[in-house]
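# Architecture at a glance
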Amino acid sequence: MIVLGLESSCDETGVALYDTSRGLLAHRVHSQIDLHAAYGGVVPELASRDHVRRLPVLIRDALADAGLALAQIAAVAYTAGPGLAGALLVAAGTGEALAAALDVPALPIHHLEGHLLSPLLGADAPAFPFVALLVSGGHTQLMRVDGVGRYALLGESVDDAAGEAFDKTAKLMGLPYPGGPALAALADQGVAGRVKLPRPMRHSGDLNFSFSGLKTAVMTLLRDAPPAPADLAAEFQAAVVDVLATKSLAALKQTGLQRLVVAGGVGANRVLRARLDTVTARRGQRVYYPEPALCTDNGAMIAFAGALRLQAGARGSRAARVAVKPRWPLDTLRAPEA
Ligand code: KG4
Ligand code: ZN
């Protein structure tokens, strides 16, 4: 059974074809980095317009890559939220229209479900249950994952997301958008600890996070005693990594689970990965990551989440109703009923 996956929730247009027996057949992503770079961040209206332009072309290209015709698609999965409303509507409108025209079910997918299931696309997939650390531009959450649609929130950021903190701090430091990768690259040339930043909520006793204070601390340093940019970047990254690693370990301890899945754009951070690998290995625990190409937004994770839901008994919808949820708590999802 072949599932078409469409993603347009933010600044990447993604299309993929996933076959429940043969795996991922094709996946194409178009990044809008160049489009938004001049503005220092994502401009929602420009994002929506570009998705409209790119999505049909990417669908055609993905079909050509896989050597498939539209008629061979058995279901259409698309990101229905959370994200930018206008951007979400592009994949939702296209997905519902295609599904109606092909007379196949449509599956509205939660973007973060896509991220957290994406490590299961790899050859070395983790078994359920596991703890998921979701670290993207919009979310920082620890989830207990018992199966598809069985998610319990363990903790989350009370203010900025980790990726948002990277992006805002990078902007303060005059680095180009997207700030996360730029700040991480600069940090490689610096030494953490030469300047001191706080580790917010590290010992708060719960599994919540707070990152907005870090940005303020950076602002104060830049105003009063500007350190070497590379050292500041390294210390900022170390502070975020310290907190994420401490809370991830605490989540494993609290749940008694041995497997940690890291998903979302910040999961691409090499220092975070190295730290998590080291601290878990010591305890006989393991960390799973999506393939590098599937860490940031893509259609493959959406097609895959749709396929898993279909296999678990979801029927999808044939209502051709276009509705998106810009805000959508992940732990309100339910497992498909067979
Ligand atoms: O998951 P994602 O592609 O989009 C959202 O759903 O938000 O995550 C994007 C976020 C951005 O904030 C970006 O700066 C951050 O992930 N990011 C990184 C790195 N690569 C991407 N942050 C730190 N280090 C990186 N290497
Ligand atoms: Zn994402």
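Residues numbered from 1 in each chain as written. Chains lettered and ligands numbered in written order. Predicted model: local features only at pLDDT ≥ 70, side-chain atom pairs only at ≥ 80, totals over all residues. Heavy atoms only, no water.

### Side note on the coordination of the zinc ion (ligand 2)
All of the protein donors around the zinc ion (ligand 2) are His 111 (NE2), His 115 (NE2) and Asp 297 (OD); their distances to the metal are 2.0 to 2.1 Å. Of note, the zinc ion (ligand 2) draws all its donor residues from one chain, in the sequence arrangement H-x3-H-x181-D. Residue His 111 is found in helix α4 (residues 111-117), and its partner Asp 297 is found in the loop between β10 (286-288) and α10 (300-311); the two are separated by 186 residues along the sequence. Among the residues examined, Asp 297 registers a relative accessible area of 13% and is labelled buried. (Donors = N, O, S within 2.8 Å, 3.2 Å for Na, K, Ca; no water. Helix = DSSP H or I, 4+ residues; strand = E, 2+ residues; numbered from the N terminus. Buried < 20%, exposed > 50% of the residue type's maximum accessible area, 1.4 Å probe, protein only.)

### Examining the sheet that holds strand β2 (residues 12-19)
Strand order in the open sheet formed by 5 strands is β3-β2-β1-β4-β5, and the pairing between neighbours is mixed. On the outer flanks of this sheet lie β3 (23-31) and β5 (106-110), each paired with one strand and no other. For this sheet the average axis-to-axis angle between neighbouring strands, irrespective of direction, equals 20°. As defined by bridge partners, strand β1 (residues 2-7) adjoins strand β4 (residues 75-81) across 4 bridges and the pair is classed as parallel. What sits directly across from Val 3, in β4, is Ala 75. Strands in contact with helix α3 (residues 85-102) are β1, β4 and β5; relative to β4, the strand with the most contacts, it is inclined by about 155°. Lying on the sheet, α10 is in contact with β1, β2, β3, β4 and β5; it crosses β1 at an angle near 135°. (Pairing = 2+ DSSP bridges. Axes fitted to C-alpha atoms, helices over the stretch in contact; angles between N-to-C directions. Contact = heavy atoms within 4.5 Å.)

### Quick notes on the pairing of β5
The buried count for β5 comes to 4 of 5 residues, which makes it a mostly enclosed element. Examined bridge by bridge, β4 and β5 share 5 bridges and lie parallel to one another. Of the residues in β5, the one forming a bridge with Val 76 is Ala 106.

### Here we look at the site of ligand 1
Close contacts around ligand 1 come from 17 residues, with Gly 137, Asp 167, Gly 180, Gly 265 and Asn 269 the closest. Asn 269 has a polar side-chain atom sitting 3.0 Å from a nitrogen atom of ligand 1. In the complex, the protein chains occlude 86% of the 550 Å² of accessible area that ligand 1 would expose alone. Among the secondary structure elements, those contributing two or more residues to the shell around ligand 1 are α4, α5 (162-172) and α6 (179-187). Partitioned by chemical class, the residues of the shell around ligand 1 number 4 nonpolar, 11 polar and 2 charged. (Near = heavy atom within 4 Å. Polar contact = N/O pair within 3.5 Å; in protein donor to acceptor, adjacent residues only side chain to side chain. Areas by Shrake-Rupley, 256 points an atom, 1.4 Å probe, with all protein chains shown as cover. Nonpolar A, V, L, I, M, F, W, Y, C, P; charged D, E, K, R; others polar.)

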